[in-house]
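Geometric and topological summary
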Amino acid sequence: MKAIERPLPRSALLWLLAAGVLVFMPHHSHLPWFFWGMALITTGWRWLMHRGQLPYPNAKTKMAAVVLVGGAVVAGFSGHYSLESAVGFFVAMSLLKTLEMRTQRDGYIVVFLCFFLLATGFLFEQELLWGLLGIVATWVLIGTLVALQLGQQGTGAAKQLGFAVVSRFATGILLISLPLMLVVYLLFPRFGPLWSIKLQSEQAMTGLSDSMSPGDIASLSQSDELAFRATFESGQQPPRNQLYWRALVLDQYDGRSWQRSGSRRNVTWYPEMPEYQVEQLRRAGVEGVTRYEIIQEPTGQNWLFTLRDGGSMEPGIGLTSSGVLVDRRPVFQRKRYRGYGIDGQYARHQLGYVQRRLNLQLPDDGNPRTRAWAQQLWQQNPTADVFVQALLDHFAASFTYTLKPPVLGDDDIDEFLFDTQRGFCAHFAGAFVYAARLVGIPARVVTGYQGGEWNNAENYLTVRQYDAHGWAEIWLDGVGWVRVDPTAAVAPSRIELGLEQALAGEGSFMENSLIKPGQIRSMPWLNQLRLKLESVNYLWHRWVLSYDGERQKSILRSIFNRTDYLYFIWWIIGAVIAVFVVIAALMLAKGPARSRSAERRGWDTLLADCEKAGIAVAASESPLSVLQRLQRQYSSARPALLQLATLMEQRLYAAPSQADAVSSKAVLAAIKQARRALKRAQKLARK
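Residues numbered from 1 in each chain as written. Predicted model: local features only at pLDDT ≥ 70, side-chain atom pairs only at ≥ 80, totals over all residues. Heavy atoms only, no water.

Observations concerning the packing of aromatic side chains
Pairs of aromatic rings are described using the distance from one ring centre to the other and the angle between the two planes. Applying the stated criterion across every chain yields a total of 28 aromatic pairs. A ring pair is formed by tryptophan 15 and phenylalanine 163, whose centres lie 5.4 Å apart and whose planes are at 20°; its orientation type is stacked. Placement of tryptophan 15 in helix H1 (residues 10–24) and of phenylalanine 163 in helix H7 (residues 157–187) is noted, with a sequence separation of 148 residues between them. For tryptophan 15, a relative accessible area of 10% puts it in the buried group. (Phe/Tyr/Trp six-rings, centres within 6.5 Å; stacked < 30°, edge-to-face > 60°. Helix = DSSP H or I, 4+ residues; strand = E, 2+ residues; numbered from the N terminus. Buried < 20%, exposed > 50% of the residue type's maximum accessible area, 1.4 Å probe, protein only.)

Written out as structure tokens, the structure is:
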């Protein structure tokens with residue numbers, strides 16, 4: 001026998017549509033614009049169906065909608081399979097399911113789809129505000145389940161209870177689940193992200209690339225997106241001229257751009273360390289090492305950030321032979337790790353033949369004026385340190401630091417050094433390394449970030465994309481790789497004060513932004529509010545989003561003094577299972593709860609009055625039969641009894657749509673009226 005499918009409760013539809021809007025919002029950043037139109041059309045259509053102004057879609061309409069929407073999704077993502085396209089397809093199909101839902105079962109399916117969509121939204125948006133939105137969306141979804149469940153009564157109870165009662169149920173369920181959620185979050189074994197599919201794009205992530213040509217870093221300098229945050233063990237900000245965050249070493253030049261060479265890099269993975277670093281750490285001592293912790297935004301690449309001569313003591317992180325900090329896997333999720341930088345200069349091993357040759361490599365021709373000039377300058381300054389100072393003096397004499405340099409031709413370094421003399425850090429670093437290599441000084445370009453904004457409230461450093469920077473490193477025998485920043489010779493304010501101050505006269509900093517950072521800083525109250533919000537968001541990142549297995553072990557060891565935390569976790573899991581078993585046993589022993597509705601309690605009170613008057617009522621006798629006997633016996637109470645019989649008949653035996661028209665309050669009022677009428681009739685009968 002086919003089960004009867006109950007219609008979707010009307011009160012639950014409003015909750016469900018509200019939940020759909022909330023779970024769709026976290027997907028705004030990665031879905032094409034037409035998804036918003038699709039969401040608006042499906043929600044509006046379903047609402048008009050709810051009002052009876054549009055029919056339900058038939059089979060042909062459904063098929064056409066699936067084909068059109070599927071084709072739009074494929075076209076919107078250019079036929080590429082990625083995490084975004086997979087989630088986009090799921091969002092589209094969920095919207096279509098919302099359009100076709102008619103029964104209570106459909107409502108449950110859409111609620112579970114919404115829960116899944118809410119979870120996938122956190123793949124893309126993990127900020128604190130989105131977390132708060134997720135809590136609200138979860139509350140609305142629980143309210144939807146409550147309204148759907150109350151609708152199973154088929155008596156309109158959900159409609160009568162209204163928003164306040166459904167909200168109270170949803171809030172209660174959410175609060176009850178909170179302790180269990182905290183236990184699972186804090187104590188359950190932590191695993192890495194289950195999603196490892198590459199996010200679509202170079203478009204999805206802003207940051208450094210593995211090559212540098214004039215204009216690349218300048219374009220980053222127009223973005224205020226977050227790169228990473230750093231806290232220091234000392235709790236104090238190091239001097240700005242030490243805040244050179246290394247990311248990449250570019251040692252190959254093709255005549256137009258600097259790139260990472262294709263030669264194989266040796267990587268030393270923690271807990272092992274390069275021999276030269278062991279010696280440097282020993283000689284530096286505790287005071288000569290700057291220790292810090294970084295929370296890095298996703299880059300889609302495996303390089304990390306470190307200070308000069310730095311490294312990390314984290315599993316899965318290594319240091320290349322060129323001093324670049326790398327992860328075993330690309331960083332597709334926010335990553336938290338600890339690092340260190342070594343202050344001062346310490347001698348390293350000699351530069352190997354292959355590395356020396358690599359860091360002297362140049363094209364065979366091009367930039368003839370620079371080639372002749374460099375040789376002449378070397379003859380006048382025949383040692384590396386003197387030559388470097390002469391180059392810096394040349395830059396400081398007449399060059400201009402600008403985000404708007406003129407376009408350069410084929411001999412770009414010639415034109416930059418002798419004609420335009422206007423450029424950004426990429427121009428200065430590239431020209432410096434080129435000239436140094438011409439005279440036999442091993443040199444390379446390093447890209448990363450310089451400086452950052454210090455937050456005095458929480459003592460952490462915020463580094464944004466506009467802090468991107470490029471500088472040079474040269475090899476000095478007996479010393480090692482030495483940082484040289486030609487930009488500092490031209491624009492010292494870029495290093496000491498930051499990019500905004502360095503470009504204050506030109507006005508090109510964040511010129512395309514509607515609201516510039518300087519405008520916010522000019523209003524103290526607004527700037528303080530910004531810093532407070534950033535501090536809250538930082539704490540969210542540090543203590544919630546970055547809570548991983550290593551930090552869980554550390555907390556458990558400090559609280560419970562157990563080295564084998566898994567042993568303790570199994571005890572917790574066993575205790576939870578035991579509690580559930582005991583509760584289940586008690587519920588089975590007690591039997592199913594028999595809660596009575598207000599209508600049933602009122603009816604039982606009326607039957608009790610009948611028994612007191614000597615009127616026997618059989619357990620199998622229907623309410624209508626009882627009321628008919630009472631009407632025959634007490635004619636004076638017939639109007640009240642007849643009204644109650646009419647309401648009871650409609651309430652119990654009419655179709656659901658007609659039964660819902662009779663409220664519980666009306667039935668209770670009729671029962672009270674019938675009881676009073678019976679008492680008056682019984683008094684008359686005794687007289």
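Re the pairing of strand S16 (residues 460–464)
It is a general feature of regular strands that their side chains alternate between the two faces of the sheet. With 5 of 5 residues buried, S16 is to be regarded as a mostly interior element. Side chains Tyr460, Thr462 and Arg464 project from S16 onto one buried face, and the interleaved Leu461 and Val463 project onto a second face that is buried too. Pairing of strand S2 (residues 226–232) with S16 involves 4 bridges; the strand directions are antiparallel. When the bridges of S16 are listed, phenylalanine 228 appears paired with valine 463. Judged from the 3 bridges that link them, strand S15 (residues 453–455) and S16 form a sheet pairing that is antiparallel. Directly across from glutamate 453, in S16, lies its bridge partner threonine 462. (Pairing = 2+ DSSP bridges.)

A closer look at the confidence of the model for the protein chain
When pLDDT is averaged along the protein chain, the result is 81; 85% of the residues meet or exceed 70. Here residues 193–204 is modelled with pLDDT under 50, and outside its nearest four sequence neighbours on either side it reaches 19 contacts, counting other chains as well. (pLDDT = per-residue confidence, 0-100. Contact = heavy atoms within 4.5 Å.)

Observations concerning helix H5 (residues 104–121)
When the terminal C-alpha atoms of H5 are compared, their 26 Å separation across 18 residues agrees well with the 26 Å that a helix rising 1.5 Å per residue should span. The set of residues buried in H5 consists of Gln104, Asp106, Gly107, Tyr108, Val110, Val111, Cys114, Leu117, Leu118, Thr120 and Gly121. Buried residues belonging to H5 abut H1, helix H4 (83–100) and helix H6 (128–150). (Expected span 1.5 Å × (residues − 1).)

Concerning the side chain of arginine 530
Checked against the element boundaries, arginine 530 lands in helix H19 (residues 524–545). Overall, the relative accessible area of 18% leaves arginine 530 in the buried class. A distance of 2.7 Å separates polar atoms of two side chains, one belonging to arginine 530 and the other to glutamate 453. (Polar contact = N/O pair within 3.5 Å; in protein donor to acceptor, adjacent residues only side chain to side chain.)

A look at the sheet that holds strand S6 (residues 267–269)
The antiparallel open sheet is built from 3 strands, whose spatial order is S6-S9-S10. Every other strand in the sheet has two partners, leaving S6 and strand S10 (325–327) as the edge strands with one partner each. On average, each strand axis in the sheet is inclined to that of its neighbour by 35°, with strand direction left out of account. Direction of pairing for strand S9 (residues 317–320) relative to S10: antiparallel, over a ladder of 3 bridges. Residue pairing across strands places isoleucine 317 opposite aspartate 327, the latter belonging to S10. (Axes fitted to C-alpha atoms, helices over the stretch in contact; angles between N-to-C directions.)

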